Amino acid sequence: MLSLVRMRLHQAIDLWSASEAGNEPKQPLSGWSKRENLGLTAQAIPIKRVGTVTSITYVCAIAHRLAAKPHHAAIIAAQLVSILQRDLPSHLKPLLQEVTVHATAAGLIHFEVGDRAIAVWLDSLLNNTPKQSLPLTPVSSTGEPERQLMLHSSAIFEVQHAHARCCSLLQLAHREALISLERLEEAPLYWYFSSPASMPWLTSADQLCCNHCADRCLLSQLLDACDHLSDPARRTQGSLLRSAQAVAQAFQVFHREHPLRGTTSEELRFTLVRLGLLISTQRVLYTLLWDGLGLYPAVDL
């Protein structure tokens, strides 16, 4: 989510700076006299997540960096929001059109991620299976002494156990015909639902079905983990391990609250949604272990 927000904001800044360059004979709001002097990459845009586990909001103070004078920041923020609310590029539209953007009097830009946006994001986690096989060995940037310490840490055991538990629960749901999984003979990252064809994430009121505190907490940690993975500045071995452990702990609470079952049609609906969260958790943990920490994800308990 963070990488998409940054990408869209970077495009908006590019359009805004071009219009500022046209205003140079007047009195531009920006502290830069020429567009090319901005020198701003998407990764350099300062964005942080705020709020609680039940609300997902990203805040950006880039208008203050762009402003020639402090009181210009609120004006620039409003101008950027106006650009952000225009037609989205087609590749960003499915997700970001469900994100609400507004500027504050303090010159901050808020991106509020609603339930419809979360549902689209969850679908992307479920549907984006790798098209090619992973390399035979994971790649790790950790030195050997540090790696040995990490391999024997309780945090790694906790993460590996959570991933293996996800795998066993998904296989159980498949055997009990609650869902139908394909490519079970391959690595778990390749598993995907053939049935149901889509997850009933939302109620008729466009609110998430998985609205229990444990559900929201797990969603929050999954989103944070994906943000970690997409942000080179935060992608250190230590931060990724902490993120993976936070996901594992949130999953354990989620699993205690929602044992696998589904009898009535209403119970089955919620069971399917939580199985969707389960495979999303497995995908994120697998990526954190393999791609982030350079470890083979455990499949069996």
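Note: the structure precedes this text.
Now for a look at the structure at hand. On a predicted model such as this, the values are computed, not experimentally measured, just so you know.

Rules of the game
- Residues numbered from 1 in each chain as written.
- Predicted model: local features only at pLDDT ≥ 70, side-chain atom pairs only at ≥ 80, totals over all residues.
- Heavy atoms only, no water.
- Helix = DSSP H or I, 4+ residues; strand = E, 2+ residues; numbered from the N terminus.
- Buried < 20%, exposed > 50% of the residue type's maximum accessible area, 1.4 Å probe, protein only.
- Contact = heavy atoms within 4.5 Å.
- Areas by Shrake-Rupley, 256 points an atom, 1.4 Å probe, with all protein chains shown as cover.
- Axes fitted to C-alpha atoms, helices over the stretch in contact; angles between N-to-C directions.
- Parallel < 35°, antiparallel > 145°, perpendicular 65-115°, else oblique.
- Left-handed = near helix turned anticlockwise from the far one by under 90°.
- Nonpolar A, V, L, I, M, F, W, Y, C, P; charged D, E, K, R; others polar.
- Pairing = 2+ DSSP bridges.
- Expected span 1.5 Å × (residues − 1).
- Phe/Tyr/Trp six-rings, centres within 6.5 Å; stacked < 30°, edge-to-face > 60°.
- Disulfide = S-S within 2.5 Å.

Another point: the overall build of the protein chain. Check the secondary structure of the protein chain and you find 10 helices and 6 strands. The buried share among the 301 residues of the protein chain stands at 46%. Residue pairs in contact within the protein chain that sit at least 24 positions apart in sequence constitute 72% of those at least 6 positions apart. Surface accessibility of the protein chain: about 14,600 Å² in total, with carbon and sulfur atoms responsible for 54%.

On to the packing of helix α7 (residues 154-175) against helix α9 (residues 237-257). Viewed as axis vectors pointing N to C, α7 and α9 meet at an angle of 45°, and their least axial separation amounts to 9 Å. On the basis of the axis angle, α7 is oblique to α9. Note on packing geometry: the crossing formed by α7 with α9 is left-handed. When α7 is examined against α9, the residues Ala155, Ile156, Glu158, Val159, His161, Ala162, Arg165, Cys166 and Leu169 are found in contact with a partner set consisting of Leu241, Ala244, Gln245, Ala248, Gln249, Phe251, Gln252 and His255. Of the residues that constitute the contact of α7 with α9, the class distribution is 10 nonpolar, 5 polar and 2 charged.

A few words now on the pairing of strand β4 (residues 109-113). Most of β4 is tucked away, with 4 of its 5 residues classed as buried. Counted along the chain from strand β3 (residues 99-103) to the antiparallel partner β4, the turn is 5 residues long, and its residue Gly107 has a positive phi close to 85°.

Attention now moves to the sheet that holds β3. Strand order across the open sheet formed by 4 strands is β1-β2-β4-β3, with antiparallel pairing between neighbours. The outermost strands of the open sheet, each flanked by one partner alone, are β1 (47-50) and β3. Adjacent strand axes in the sheet meet at a mean angle of 25° when their direction is disregarded. The pairing of β3 with β4 spans 5 bridges and is classified as antiparallel. Bridge pairing links His102 to His110 in β4. Along the sheet, helix α3 (residues 73-84) makes contact with β3 and β4, crossing β3 at roughly 155°.

It is worth spelling out the environment of Ala244 at this point. When you line up the elements, Ala244 lands in helix α9. It is 9.4 Å that separates the C-alpha atoms of Ala244 and Gly292, two residues lying 48 residues apart in sequence. Leave out the neighbours within four places in its chain, and Ala244 touches Val159, Leu285 and Leu288.

This brings us to the pairing of β1. Both β1 and strand β2 (residues 56-60) contribute to a ladder of 4 bridges, which runs antiparallel. The residue bridging Arg49 from the neighbouring strand is Tyr58, located in β2. Taken together, β1 and the strand that follows it, β2, pair antiparallel across an intervening segment of 5 residues, in which Gly51 is found at a positive phi of about 100°.

Compared with the 32 Å implied by 1.5 Å per residue over 22 residues, the 31 Å span of α7 between its first and last C-alpha is a close match. Of the residues making up α7, those classed as buried are Ala155, Ile156, Val159, Gln160, Ala162, His163, Ala164, Cys166, Cys167, Leu169, Leu170 and Ala173. Trailing α7 by a residue or two, Ala177 shows a phi angle of about 65°, which is positive.

We now examine the packing of aromatic side chains. Across all of its chains, the model carries 2 aromatic pairs by this definition. Here the aromatic residues Tyr286, Trp290 and Tyr296 are joined through ring pairs into a cluster of three or more.

The next point concerns unusual backbone geometry. Cis geometry marks the peptide bond from Ser195 to Pro196; its omega dihedral reads 0°. By secondary structure assignment, the location of Pro196 is in the loop between β6 (192-195) and α8 (213-230). One non-glycine residue with positive phi stands out, namely Ala177, at about 65°. Summarising the element assignment, Ala177 is placed in the loop between α7 and β5 (180-182). Taking relative accessible area as the criterion, Ala177 reaches 64% and is therefore assigned exposed. Notably, Arg183 is not glycine yet its phi reads approximately 65°, a positive angle. Among the secondary structure elements, Arg183 is positioned in the loop between β5 and β6. Using a relative accessible area of 26% as the deciding quantity, one classes Arg183 as partly exposed.

Under the counting rule described, the total for this entry stands at 0 disulfides. Not engaged in a disulfide, the cysteine Cys213 finds its nearest cysteine sulfur in Cys217; these two sulfurs lie 6.4 Å apart. The exposed category is assigned to Cys213, whose relative accessible area is 55%.

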